[in-house]
Amino acid sequence: MALFKYEHIGTHTHLYIWKIEEEFDDLFDEIHLTDMNMIRLMSMKSVQHQRGFLSVRKLFQAAGYTDFDVTYDATGKPHLNDGHHISISHSHGFSAIMISDTTVGIDLELMREKIIRIADKFTSEEEEKYLDASDDNYVKILTVLWGVKESIFKIRNEIGISFKDHITTFAFDINSGIAHARLDFEDIHRHFEVKFQTIEDHMLVYAFETANEKAL
Ligand SMILES: CC(C)(COP(=O)(O)OP(=O)(O)OC[C@H]1O[C@@H](n2cnc3c(N)ncnc32)[C@H](O)[C@@H]1OP(=O)(O)O)[C@@H](O)C(=O)NCCC(=O)NCCS
């Protein structure tokens, strides 16, 4: 597969999505990895994870970067050497990267019924007030909520953030593709604008930090 989707969002943000259909060797032959990432790749336990990791390097290429332009900090957060912000996600059949002038977080999740079983572990009290388990879109809505929390965590990856206690998404229309969320963790209080869309059987979510509360 070539690039599955590219979107130019706002003025300074680029979204790239890869549909992972290639075998390991086909991807590996086209990628030049740093020594550190070669070690990492070889230590991954599943071929699926390896293919996801390699497909992200194909997305770097599509965006005009190589593996040598990206470094990871001690928390595992990726950084581009030219100062742009980057966020990465890979899940089953797809991978995605977002590159921007501003901080961004992205998450791709396969939509699965089993998210219902863990919902109470990550949904906040405020979210529980509007969640309705009988809604036909319940799995979809929960997957958006999960993606919101992963995306926000990727932006503000402070140790100790709890998805359930510190991140809340305000009630939203599942057909709108837009939501707003808040992070309250110790003395950090931030608001985020979130966009979401389905990519076949996956939910893609990405978040931007906003300057004030109005977006709510
Ligand atoms: C780190 C974390 C955000 C990764 O998310 P994930 O859904 O497992 O996997 P994704 O494919 O979406 O994202 C993985 C990518 O996130 C990026 N990433 C890893 N750690 C990161 C961090 N601390 N900050 C920002 N980005 C990070 C990496 O680029 C990674 O891919 P790569 O290493 O192959 O480049 C997630 O595992 C995590 O730790 N979440 C917070 C912990 C938590 O509270 N969990 C659930 C509580 S109910």
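In this convention, every chain numbers its residues from 1, walking through the sequence in written order. Per-residue local features are limited, in this predicted model, to residues with pLDDT of at least 70; the limit for side-chain atom pairs, both in listing and counting, is 80 or more; totals at the level of whole chains, interfaces and linings are taken over all residues. Side-chain numbers here rest on the full set of heavy atoms in the structure, without hydrogens or water.

Visitor: Looking at this structure, how should I read the nonpolar core?
Guide: Side chains of nonpolar character tend, in soluble globular proteins, to be buried together. Core analysis: the largest hydrophobic core is formed by 29 residues, its most contacted members being Leu142, Ile152, Phe172, Leu183 and Phe196. Sorting the residues of this core by element identifies helix 4 (115–122), helix 6 (138–155), strand 9 (178–185), strand 10 (188–199) and strand 11 (202–210) as the ones contributing at least two each. It is helix 6 that contributes the most residues to this core, 9 residues altogether. The residues contacting Phe172, other than those within four sequence positions of it, are Tyr130, Ile141, Val144, Leu145, Ile178, Ala179 and Phe196. Ranked by size, the runner-up nonpolar core spans 22 residues in total, among them Leu27, Leu59, Tyr65 and Leu80. Residues belong to one nonpolar core when they are buried, are Ala, Val, Leu, Ile, Met, Phe, Trp, Tyr or Cys, and are joined through side-chain atoms within 4.5 Å. Categorising residues by exposure relies on relative accessible area from a 1.4 Å probe, with only protein chains included: less than 20% of the type maximum marks a residue as buried, more than 50% marks it as exposed, and the intermediate range marks it as partly exposed. Numbering of helices and strands runs from the N terminus; a helix is a DSSP stretch of H or I covering at least four residues, while a strand is a stretch of E covering at least two. Here, residues are in contact when the closest pair of their heavy atoms is within 4.5 Å.

Visitor: Would you mind showing me how to read the pairing of strand 9 here?
Guide: Side-chain positions along a regular strand alternate between the two faces of the sheet. Relative to strand 9, strand 8 (residues 167–169) is paired through 3 bridges, and the arrangement is antiparallel. What sits directly across from Thr168, in strand 9, is Arg182. Sheet topology note: the strand 9/strand 10 ladder contains 8 bridges and is antiparallel. Residue pairing for strand 10: Ala179 is matched across the bridge by Val194. A loop of 2 residues connects strand 9 with strand 10, the two strands running antiparallel in sequence, and Glu186 in this loop sits at a positive phi of about 50°. Pairing between strands is defined by DSSP: at least two bridges between the two strands are required.

Visitor: When you look at the sheet that holds strand 2 (residues 13–19) in this model, what are you seeing that I'm missing?
Guide: By way of backbone hydrogen bonds, the strands of a sheet pair with one another, either parallel or antiparallel. Read across the open sheet, the 4 strands follow the order 1-2-6-5; overall the sheet is antiparallel. Sheet topology places strand 1 (3–9) and strand 5 (85–91) at the edges, where each strand pairs with a single neighbour. Each strand axis lies, on average, 10° off the axis of its neighbour in the sheet, ignoring direction. With 7 bridges connecting them, strand 5 and strand 6 (residues 94–100) associate as antiparallel partners. Opposite Ser89, over in strand 6, you have Ala96 as the bridge partner. Of the strands in this sheet, strand 1, strand 2, strand 5 and strand 6 are in contact with helix 3 (residues 47–62), which crosses strand 6 at around 35°. Inter-axis angles, ranging from 0 to 180 degrees, are taken between N-to-C directions of lines fitted to C-alpha atoms, where helices are fitted over the stretch in contact.

Visitor: I keep staring at the environment of Asp107 and nothing clicks. Help me out?
Guide: Mapping Asp107 onto the fold places it in strand 7 (residues 104–110). Each C-alpha atom, one on Asp107 and one on Ile199, is 12 Å from the other, the two residues being 92 residues apart in sequence. In contact with Asp107, other than residues within four places in its own chain, are Ser89, Trp146, Gly147, Glu150, Ser151, Lys154, Met203, Leu204 and Val205.

Visitor: Help me understand the site of the ligand, please; the structure alone is not making it clear to me.
Guide: Only heavy atoms are used to decide nearness, and a residue is near a molecule or strand if one of them lies within 4 Å of it. Around the ligand, a shell composed of 18 residues is seen, among which Arg40, Tyr72, Ser89, His90 and Lys154 lie nearest. Whenever a nitrogen or oxygen atom comes within 3.5 Å of another N or O atom, the pair is scored as a polar contact, on the condition that within protein one atom can donate a hydrogen and the other can accept it, and that pairs from neighbouring residues in sequence are kept only if both atoms are in side chains. Ile88 has a polar backbone atom sitting 3.5 Å from an oxygen atom of the ligand. Separating an oxygen atom of the ligand from a side-chain N or O atom of Ser89 is a distance of 2.7 Å. Here the ligand, which alone exposes 920 Å², has 72% of that area covered by the protein. Of all the secondary structure elements, the ones that give two or more residues to the shell around the ligand are strand 5, strand 7 and helix 6. No other element matches the 4 residues that helix 6 contributes to the shell around the ligand. Three classes are used: nonpolar for Ala, Val, Leu, Ile, Met, Phe, Trp, Tyr, Cys and Pro, charged for Asp, Glu, Lys and Arg, and polar for all others, with Gly counted as polar. The residue inventory of the shell around the ligand, partitioned by class, reads 7 nonpolar, 5 polar and 6 charged. Each domain span listed reflects an automatic or database assignment of domains. For the shell around the ligand, the two domains that each supply at least three residues are domain 1 (3–102) and domain 2 (107–210). Only the protein chains shown count as cover for residues, with accessible areas throughout obtained via the Shrake-Rupley method and a probe of 1.4 Å.

Visitor: Any chance you could explain the domain arrangement of the chain here in plain terms?
Guide: Interface size, as often reported, equals the accessible area lost upon joining of the parts. Assigned domains of the chain: these are domain 1 (3–102) and domain 2 (107–210). Each of domain 1 and domain 2 was reduced to a C-alpha centroid, and the two centroids are 23 Å apart. Counting residues at the interface gives 20 residues for domain 1 and 16 residues for domain 2. The three residues of domain 1 that bury the most area against domain 2 are Lys77, His92 and Phe94, which together make up 30% of that side's buried surface. Only one rule defines a salt bridge in this text: a Lys or Arg side-chain nitrogen within 4 Å of an Asp or Glu carboxyl oxygen. Here domain 1 and domain 2 share 1 salt bridge between them. Across the pair Lys19 and Glu200 runs a salt bridge, and its minimum N-O distance is 2.9 Å. Run the count over domain 1 and domain 2 and you get 10 residue pairs in polar contact (both at pLDDT 80 or more). Where the side of domain 1 that touches domain 2 is concerned, the elements lending two or more residues are strand 1, strand 2, strand 5 and strand 6. Along the lines of polarity and charge, the residues of the side of domain 1 that touches domain 2 split into 8 nonpolar, 8 polar and 4 charged. Here the quantity called buried area is the total loss of accessible area, with a 1.4 Å probe, experienced by two parts when brought into contact, counted for both.

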